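If you want the building blocks of each chain, they are given just below.
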Amino acid sequence: MQRVAIMAPAPDLRPVLVALASAGTVELDHDQQAGEGAAAEASLRLQRLVGGAAAGAQVSPALLAVEPDLDALEADGRVDLVAGESQLQERAAAAVRRGTVAGLTGWMPRAAVTGLATQLAPLGGAVVPLPRPRGVQPPTLLSPSRRGRAAAPLVATYATVPYADVDPTLFAALAYIVMFGVMFADAGHGLLLVVCALALRAGVGRRRGRRDRLARLRPAWGYLAAAGLVATATGVAYGEFFGPTGVLPFAAVDPLREPLLLLGLAVVAGAALLAVAYGIGTVNRMREGGWSLALYAPAGGAGATLFLGLALIIAGLATGNGWLTAAGTATALAGLVLAFAGLRAEAGPGGAGLAQAGVELFDVVVRLGSNVVSFARLAAFGMTHAALAAVVWAATVALWAQGSFARGGAVAVFLVGTVLTFALEALVAAVQALRLEYYELFSRVFQGEGTPFRPWYVPTADTSAPPGSAGPAEPAEPTEPAEPTDSAELTQEVAR
């Protein structure tokens with residue numbers, strides 16, 4: 001993002017603002033959008049028009065290239081044009097003026113500066129790059145790839161990625177797919193999920209002449225299919241195909257007979273995800289505040305060192321390797337010292353700061369342990385899924401054994417039970433995977449929140465017969481260009 005000043009001759013400020021709004025590439029500073037005086041007229045007209053409009057009506061602002069007659073616009077009921085003119089007048093009134101020059105500041109993508117400058121030059125406007133103010137975070141403009149766009153709401157629902165941070169969308173999407181698939185562990189149910197994803201991609205269920213209600217979900221079909229494939233693979237490992245039907249005679253792990261093994265594997269998988277989250281968090285702390293923050297932050301290097309030390313201690317105890325246990329103990333102590341130093345510096349001097357740092361360090365250790373153990377739910381809900389499917393299959397087999405008269409009921413029990421199990425476990429796995437994503441992983445990735453980039457955009461209406469316009473503009477009298485010193489001084493004032 002680039003900090004810029006939009007400069008224009010004061011008499012030509014309106015056409016420059018119209019072009020700026022049409023381009024939709026600049027987010028003007030908020031404190032410059034509260035102009036009064038000239039902006040009051042259009043705002044009052046807009047309030048009258050909206051007050052007389054139908055309840056719930058949405059207004060899409062638009063602008064005319066030529067200055068309109070507000071009386072005519074109000075008489076014609078052009079709420080869109082009055083709304084657009086109100087926004088333009090607010091920004092025009094908020095501009096900093098000196099002599100014949102006016103200016104506003106804002107943020108825009110660095111790659112769009114040249115194009116906007118070329119667009120404004122024929123109108124007398126200019127785009128002046130400015131240095132980034134110290135301590136001010138630019139707004140975040142995320143441009144996910146076409147494949148990553150469907151997963152963007154997964155991160156945006158939690159927080160706006162700070163400008164300096166790494167975009168974790170890809171990691172978040174992959175982690176969610178894996179966690180959902182492991183909890184939704186059944187080869188038959190996983191294949192059904194893949195079929196649903198393919199049907200979503202093909203647009204099954206659309207009705208001609210009616211809006212497709214699933215259109216917003218269609219870009220996510222790939223992630224749904226991937227989750228189904230992970231569920232299928234996990235179900236094969238469990239020997240589950242619509243429950244213990246015997247279709248898959250071999251099972252690497254029996255989810256109902258080997259629960260401790262499954263719980264251990266789930267915790268190990270969760271530890272691997274936490275390690276990646278700590279890695280991203282450490283990079284983010286470095287980009288946010290330099291190496292010192294990256295080293296001492298509990299959600300950065302200090303936390304990662306403590307986490308590594310605890311992992312080495314557990315591995316050493318499990319294998320009986322004393323050297324590994326000793327190395328883990330030293331690493332964990334180093335992580336504790338680093339975390340305490342960071343918390344102590346943040347808490348401030350004195351006994352109160354020391355006590356606060358100690359309590360927060362204890363909280364860091366407790367939360368780390370609880371976060372790791374929390375991933376045991378990957379196995380717990382996978383076993384729940386297997387138990388429900390086993391109940392459905394046992395009822396089906398019992399009815400089938402009653403003879404041909406009861407076999408219709410057996411089929412009905414199997415179909416209804418499968419649908420209920422599929423729907424219930426899909427909901428539970430979706431919610432629990434989201435919970436693990438937000439509470440366990442994102443708490444390491446994010447330490448603050450950014451502000452989304454919201455450029456000012458108002459389209460220019462068709463000017464072939466502009467309603468309410470004041471007619472073709474008369475050629476303006478040539479004005480003397482402002483002295484270079486005035487423009488430079490104004491640019492500095494606008495920047496301040």
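Reference entry: report on the structure contained in this document. Since the model is a prediction, treat every value here as computed from it, not as a measurement. (Residues numbered from 1 in each chain as written. Predicted model: local features only at pLDDT ≥ 70, side-chain atom pairs only at ≥ 80, totals over all residues. Heavy atoms only, no water.)

**Observations regarding the environment of phenylalanine 340**
Thinking step 1. Mapped onto the elements of the fold, phenylalanine 340 is located in helix H12 (residues 322-347).
Thinking step 2. By relative accessible area, phenylalanine 340 is classed as partly exposed at 26%.
Thinking step 3. The spatial distance from the C-alpha of phenylalanine 340 to the C-alpha of alanine 357 is 6.3 Å, given a sequence separation of 17 residues.
Thinking step 4. Sequence-distant contacts of phenylalanine 340, defined by excluding residues within four places in its chain, comprise Leu354, Ala357, Gly358 and Leu361. (Helix = DSSP H or I, 4+ residues; strand = E, 2+ residues; numbered from the N terminus. Buried < 20%, exposed > 50% of the residue type's maximum accessible area, 1.4 Å probe, protein only. Contact = heavy atoms within 4.5 Å.)

**Description of the nonpolar core**
Thinking step 1. Within the largest apolar cluster, 51 residues are counted, with the highest numbers of intra-cluster contacts made by Met179, Phe184, Phe375 and Leu441.
Thinking step 2. With nine residues, the single largest contributor to this core is helix H15 (residues 404-445).
Thinking step 3. When neighbours within four sequence positions are excluded, methionine 179 is seen to be in contact with Leu273, Phe375, Leu378, Ala433, Leu436, Glu437 and Leu441.
Thinking step 4. Within the second largest apolar cluster, 25 residues are counted, among which are Val18, Leu28, Ala102 and Leu120. (Core = buried A, V, L, I, M, F, W, Y, C linked by side-chain atoms within 4.5 Å.)

**Here we look at helix H14 (residues 377-400)**
Thinking step 1. When the terminal C-alpha atoms of H14 are compared, their 34 Å separation across 24 residues agrees well with the 34 Å that a helix rising 1.5 Å per residue should span.
Thinking step 2. Among the residues making up H14, those that are buried are Leu378, Ala379, Gly382, Met383, His385, Ala386, Ala389, Ala390, Val392 and Thr396.
Thinking step 3. Residues of H14 that are buried in the fold lie against helix H7 (169-183), helix H8 (187-202), helix H10 (259-296) and H15. (Expected span 1.5 Å × (residues − 1).)

**Digging into the packing of helix H11 (residues 301-319) against H12**
Each pair of packed helices can be summarised by the angle the axes make with each other and by the distance between the axes.
Thinking step 1. Where H11 meets H12, the axes come as close as 7 Å, and the angle between the chain directions of the two elements is 160°. Viewed along their axes, H11 and H12 adopt a mutual orientation that is roughly antiparallel. Judged by the sense of rotation from one axis to the other, the crossing of H11 with H12 is left-handed. Here Ala302, Thr305, Leu306, Leu308, Gly309, Leu310, Leu312, Ile313, Ala315, Gly316, Leu317 and Thr319 of H11 lie close against H12, whose contacting residues are Leu324, Thr325, Gly328, Thr329, Thr331, Ala332, Ala334, Gly335, Leu336, Leu338 and Ala339. (Axes fitted to C-alpha atoms, helices over the stretch in contact; angles between N-to-C directions. Parallel < 35°, antiparallel > 145°, perpendicular 65-115°, else oblique. Left-handed = near helix turned anticlockwise from the far one by under 90°.)

**Remarks on a nonpolar patch on the surface**
Thinking step 1. There is a patch of nonpolar side chains on the surface, built from Val283, Met286 and Trp291 and spanning about 320 Å² of accessible area.
Thinking step 2. Checked against the element boundaries, tryptophan 291 lands in helix H10. (Patch = residues over 30% accessible without salt bridge, like charges linked within 9 Å, V, L, I, M, F, W, Y side chains within 5 Å. Areas by Shrake-Rupley, 256 points an atom, 1.4 Å probe, with all protein chains shown as cover. Salt bridge = Lys/Arg side-chain N within 4 Å of Asp/Glu carboxyl O.)

**Regarding the packing of aromatic side chains**
Thinking step 1. For the coordinates displayed, the defined rule picks out eleven aromatic pairs.
Thinking step 2. For the pair phenylalanine 241 and phenylalanine 242, a centre-to-centre distance of 5.0 Å together with 90° between the ring planes defines the contact as edge-to-face.
Thinking step 3. For the pair tryptophan 393 and phenylalanine 414, a centre-to-centre distance of 6.0 Å together with 75° between the ring planes defines the contact as edge-to-face. Taken together, the residues span a long stretch of sequence, with tryptophan 393 in helix H14 and phenylalanine 414 in helix H15 at a distance of 21 residues.
Thinking step 4. Linked through ring pairs, Tyr158, Tyr438, Phe442 and Phe446 together constitute an aromatic cluster. (Phe/Tyr/Trp six-rings, centres within 6.5 Å; stacked < 30°, edge-to-face > 60°.)

**Some points on the pattern of salt bridges**
Thinking step 1. Per the counting criterion, the structure on display carries seven salt bridges.
Thinking step 2. Of the charged contacts, one joins glutamate 90 and arginine 91 as a salt bridge, the two residues approaching to 3.9 Å between their closest N and O atoms.
Thinking step 3. Taking the relative accessible area as the measure of exposure, glutamate 90 reaches 22% and is therefore partly exposed.
Thinking step 4. The closest approach of N and O atoms between arginine 435 and glutamate 440, which form a salt bridge, is 2.5 Å.
Thinking step 5. For glutamate 440, a relative accessible area of 2% corresponds to the buried category.

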